[in-house]
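Architecture at a glance
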Number of protein chains: 4
Amino acid sequence: MIKIGIIGAGRIGRVHAESLSKYVQGAEIKAISDVKVSDELKSWAASKGIPHVYTDYQKILQDPEIDAVLVCSSTNTHAPISIEAARAGKHIFCEKPIDSDVERIKQVLAEVEKAGVKFQVGFNRRFDHNFKAIKERVVSGDIGEPHIIRVTSRDPDAPPIDYVKVSGGMFFDMTIHDFDMIRYLSGSEVTEVYASGAVLVDPEIGRAGDIDTAVITLKLANGAIGVIDNSRKAVYGYDQRAEVFGSKGAVQTRNDTDSTAVYSCERGVIAEKPKYFFLERYMQSFADEMQCFIASIVNDTPTAVNGNDGLQPVLIAIAAKRSLDEGRPVKLSEVA
Amino acid sequence: MIKIGIIGAGRIGRVHAESLSKYVQGAEIKAISDVKVSDELKSWAASKGIPHVYTDYQKILQDPEIDAVLVCSSTNTHAPISIEAARAGKHIFCEKPIDSDVERIKQVLAEVEKAGVKFQVGFNRRFDHNFKAIKERVVSGDIGEPHIIRVTSRDPDAPPIDYVKVSGGMFFDMTIHDFDMIRYLSGSEVTEVYASGAVLVDPEIGRAGDIDTAVITLKLANGAIGVIDNSRKAVYGYDQRAEVFGSKGAVQTRNDTDSTAVYSCERGVIAEKPKYFFLERYMQSFADEMQCFIASIVNDTPTAVNGNDGLQPVLIAIAAKRSLDEGRPVKLSEVA
Amino acid sequence: MIKIGIIGAGRIGRVHAESLSKYVQGAEIKAISDVKVSDELKSWAASKGIPHVYTDYQKILQDPEIDAVLVCSSTNTHAPISIEAARAGKHIFCEKPIDSDVERIKQVLAEVEKAGVKFQVGFNRRFDHNFKAIKERVVSGDIGEPHIIRVTSRDPDAPPIDYVKVSGGMFFDMTIHDFDMIRYLSGSEVTEVYASGAVLVDPEIGRAGDIDTAVITLKLANGAIGVIDNSRKAVYGYDQRAEVFGSKGAVQTRNDTDSTAVYSCERGVIAEKPKYFFLERYMQSFADEMQCFIASIVNDTPTAVNGNDGLQPVLIAIAAKRSLDEGRPVKLSEVA
Amino acid sequence: MIKIGIIGAGRIGRVHAESLSKYVQGAEIKAISDVKVSDELKSWAASKGIPHVYTDYQKILQDPEIDAVLVCSSTNTHAPISIEAARAGKHIFCEKPIDSDVERIKQVLAEVEKAGVKFQVGFNRRFDHNFKAIKERVVSGDIGEPHIIRVTSRDPDAPPIDYVKVSGGMFFDMTIHDFDMIRYLSGSEVTEVYASGAVLVDPEIGRAGDIDTAVITLKLANGAIGVIDNSRKAVYGYDQRAEVFGSKGAVQTRNDTDSTAVYSCERGVIAEKPKYFFLERYMQSFADEMQCFIASIVNDTPTAVNGNDGLQPVLIAIAAKRSLDEGRPVKLSEVA
């Protein structure tokens, strides 16, 4: 049994705890830490069978029984905690993004390499059944050479404006998953980015210095072109689709729904809306990425989403932001 | 050019006139007759370029230039007019049903055979693109041996009660197309029928001695089982679907719609309703059956829907009615 | 925590153990029994955290700590064990069918009533997300009065011939779920059954005295008509669909698939096959029925699938078998 | 009856002749001209009932009985012939693009205005049932404010390399329809274009100075963002889809197919490929645009696709080409 410590008991930390306790084989959570330990957190931890709840994450790092840590704390602490964890010899699952600063990410990756610990980044969508089905068609050669990779990624509603202000901007907070998806589906690296953005959902978002709508074009090393469209608010629910088009064919996915029921009436033929948001849509993928992380520790195999997979989307996000600001395509070599 | 006379200028007579004048190659309409010739009919005929409009259909039969007639008059006149037409040496396209009396149908077929003229029955749905696509899968062997043949056939609304009273009953008026479809898709003959019926749409229909809802099970000579479900009223439009299931796979069709547009909003994901009724859904099939009839005359080849194809569905309808009345399965040999 | 004993460690017993240990809140398995206790069973039980493994199910019935039992033993023992369990004051989850003999079922229900214990029958498909979505449309009134209820239920492959011989026949083994589904979706009782059956998949099945293909028509107390089509072998996978058509509209479900991916290539536009069989398709429903059973014990509320829900499908199956044998529709009052 | 002269008897000229003779009410073709009048052309014209076939299109312009001309000659002659036709007082239906030179287009539009004749440009896709269904949702307000407009437009195969060399480039030859579609669906003007292009289908196309794959981002005056993806070769057929996403919902269309048949077998669940190419997919839209042109003459109403609708897509194509060449977004004001 791999013993796990979770650093950060916010939403995503609890999602991983839920996965580990219910769905994941071969691992158990020994401790969880959070800067604020409430009674609610204690009783929640007890209900999940987590023996220890700490305010200080150092207690997790210092526990020799703990094999691996999940870094689920606030984004600005991902890098320093990962470095400490690596030095403590813990395997690391780090939530995305590792950091918004490229040098700090590189420092993390260097420390991880030096320590020889496993390091996996939380791009859970790679484990989604639909996107995996696309990837399998690409890898099998059914698509031939990829020519166009399209990702549609629209949230059901904009986050609170206070969150927007500290989110690092839409490209770092939301599109970063789509940047990863373009790399994952294409099997190639992004070389240039052009981002077109707008404030159409809520002018408050614009006043906070961010955008809520975007179309981003990405040139890939293999010659293919990627394109992402984003919105912070799709009134019909979480819209998460992708398509890879190539020399031998195309593969695309639709949204998941709670059921396949279709109702025919005088008003039309009505199917269900997409699953509401990421917890509904991607719950199984959270479990699967965790299972995969545990397996890489147990079998001493490379993680499915490695350090470079954590670095590249941040570079793309930086290039996208610069492209938006300067109104021109930006090469990744400009920001690497 | 094949010269055509149309006997009966009601709805279906005009549908065929429209097809012939707009879509069908190699034929022209020389005359149309109707028991009532109104000014409206005359001007309609002029607009379609039909030179002659008669009250007496005999003028059509007596015109030596006319090669073929379409028998589109009231159902009870189909048989006698077809016999006269055969004796006059005209090729015959006869609307369904030929008659509700088996002996009279057999008499028509005997006269047609004696005269050596072409005879096609108006089961236009065999020419529908969707049902043809099913048939092609069956004929190609993709389905293997057919095991279950399903037909869903629901009208958008019940006909006027005065029509119901003279319609001959739902099995003869509406289901007769589905009986033909079961034979067409299965490539086999019906041997036994069990009909379950109900009055659920409109009690007036029940008072008129008819039903408005039915499920009919049919045993086929090749061992397969057919099943039809009917309703006189589907509030969402004309529901016309079929499926053939067999040892190697299944093929099924959906309804046609005016467009493929799908609207996603807070209320759901809304596609269009099926095309409203048979003129919208089956217009192309009316043109194609007519083209096929003309081709059989020009090339002296068998018609696509022959006399036996006109007889069998009537036998099935008779058996279905008896099954409904007597509450038991009825063999076709009992009514043939 | 409700303490559970599982009687019978075959496939379905293990499915429930899996559900209880992984997905169900508020219950724990204290013991499992089987007529044959192998080393494999012992180690499997240990891996699920089940403390006790018995050869004799009486040890479960005699354990005062055990609140409820799952009767997952061979079909012919469902009734006697349920009676013993009721007399021992245990709540009972009984796999379907309770028995093939109506009098024995009635005896079970009488004992359950006398003991005042909960009794739920294993019609898990009522908990399936798709069929629940249909049911919700019916209950909400969106369908209006139900007119036609259709169930398509086809297995991916026929069971071994040795199983067929002891299965009690297709209607008791396979269609019994569909009989329950017709009752569940229509909210009405079946009054008459007409079954048309054939041996088209495998002549061995016919030699064993069973059929492998069927279409069954059911008259319902509310006037609606139900129709089921069955096959023991759909080469494309487990085909599980239903439709309710009524005065205000219709609702239908498609099959579930592993992903929504659609591959377009020179050969066509290819979607995934249905999930392979009942474990893949209905796993969540097994968990949900178990959760529901636990909830009815904890909250002292009626079970979702009660004794009469266990009895009626058996009556329908008996009527269907008689209909098939005698070639006539059979009223349920003849067999009740 | 409006009397029509067709200038240019190539593929598109004959498509319009076919539409006019079969589907369009209130018009007849009096003459057709082509620089090469073969026997085949004469006999084809006779079969369509076209009385006159000329080498010199001036005979059409000089015929006082002819009300309107269709300019279907080679692209470089569209502008001068349109100008001559306007001066001759003929109503003009001009195939797209009017010209690749903005000044010449403006000259055409000025002459048309001076002559007071009708002028319609051949953007037939506006008359396609699917795109009209999107437009209706937009116009009705169901989408709210448009935020993202997506057009997928992929041909089934690349044209011959000799054609590519004289085509004016993919943006003028193929994408020009998509530029029009973005304007039509959004109801707004394009203000800036960024084009990313690649040669992935056939290196010969690259050697001819053209591209075969592109993603184009368009900023619109109403703040929305448009995005087009193009390929010269989709092996599965003609891929023509669009989506408008806005504040109240989204609407999207799928491809048309010859039938709705879906075949389920061991290999998967297989639907039909899209209709093969533009003649199959857009035939009805060619008839409808022609009917609309005739109606605007008869009723003296504005044409549905006016001179500015002909000019704007050319401006966008010029900007797209410059964007591709210079690797930067280009404002329409730079090229207007």
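Residues numbered from 1 in each chain as written. Chains lettered and ligands numbered in written order. Predicted model: local features only at pLDDT ≥ 70, side-chain atom pairs only at ≥ 80, totals over all residues. Heavy atoms only, no water.

1. Description of the relation of the copies chain D and chain A
Note the threshold: When the copies are overlaid, the least-squares fit takes in C-alpha atoms only where the residue has pLDDT of at least 70 in both copies. Residue contacts are defined here by distance: any two heavy atoms, one from each residue, within 4.5 Å place the two residues in contact.
When chain D is fitted to chain A, the residual RMSD is 0.0 Å, and the transformation amounts to a turn of 180° plus an axial shift of 0.0 Å. Here the two chains are linked by the operation of a two-fold rotation axis. Relative to the rotation axis, the closest C-alpha in chain D is found at D:Arg328, a distance of 2.8 Å. Here 100% of the contact residues of chain D are again contact residues in chain A; the copies associate through an equivalent surface.

2. Considerations on the interface of chain D and chain A
To keep it simple, the criterion reads: Buried surface area refers to the total accessible area, computed with a probe of radius 1.4 Å, that the two partners give up upon joining, counted for both partners together. For this analysis, a polar contact is any N or O atom pair within 3.5 Å, provided that within protein one partner can donate a hydrogen and the other can accept it, and provided that sequence-adjacent residues contribute only side-chain to side-chain pairs. Following the grouping adopted for this structure description, the nonpolar residues are Ala, Val, Leu, Ile, Met, Phe, Trp, Tyr, Cys and Pro, the charged ones are Asp, Glu, Lys and Arg, and the polar ones are all others, Gly among them.
Counting from both sides, the interface comprises 40 residues of chain D and, opposite them, 40 residues of chain A. When chain D packs against chain A, the two sides together hide about 3,000 Å² of surface, and 61% of this comes from carbon and sulfur. Run the count over chain D and chain A and you get 11 residue pairs in polar contact (both at pLDDT 80 or more). A class-by-class count of the residues in the side of chain D that touches chain A yields 16 nonpolar, 13 polar and 11 charged.

3. Digging into the sheet that holds strand β6 (residues 119–121) of chain A
Residue and element names in this part refer to chain A. We apply this condition: The pairing criterion for strands is at least two bridges between them, as found by DSSP. Counting from the N terminus, the helices are the DSSP runs of H or I reaching at least four residues and the strands are the DSSP runs of E reaching at least two. In this description, a line fitted to the C-alpha atoms serves as the axis of each element, helices being fitted only across the stretch in contact, and the angle between N-to-C directions of two axes falls anywhere from 0 to 180 degrees.
A sheet is described by the order of its strands in space; here six strands give the open sequence β3-β2-β1-β4-β5-β6, paired in parallel fashion. Unpaired on one side and paired on the other, β3 (52–54) and β6 mark the two borders of the sheet. Direction aside, the axes of adjacent strands within the sheet are offset by 20° on average. As paired elements, strand β5 (residues 91–94) and β6 share three bridges and run parallel to each other. When the sheet's bridge partners are listed, Cys-94 is paired in β6 with Val-121. Seen against the sheet, helix α1 (residues 11–22) touches β1 (2–7), β2 (27–33), β4 (68–71) and β5 and runs at an angle of roughly 160° to β1.

4. What to know about the domain arrangement of chain A
All names here are of chain A. Operational definition: Each domain's extent was defined by an automatic or database domain assignment.
The domain architecture assigned to chain A consists of domain 1 (2–117) and domain 2 (126–276 + 313–334). Taking the mean C-alpha position of each, domain 1 and domain 2 sit 28 Å from one another. Between domain 1 and domain 2, the residue contacts involve six residues of the former and seven residues of the latter. Where domain 1 meets domain 2, there are one residue pair in polar contact (both at pLDDT 80 or more). Here the residues of the side of domain 1 that touches domain 2 sort into three nonpolar, one polar and two charged.

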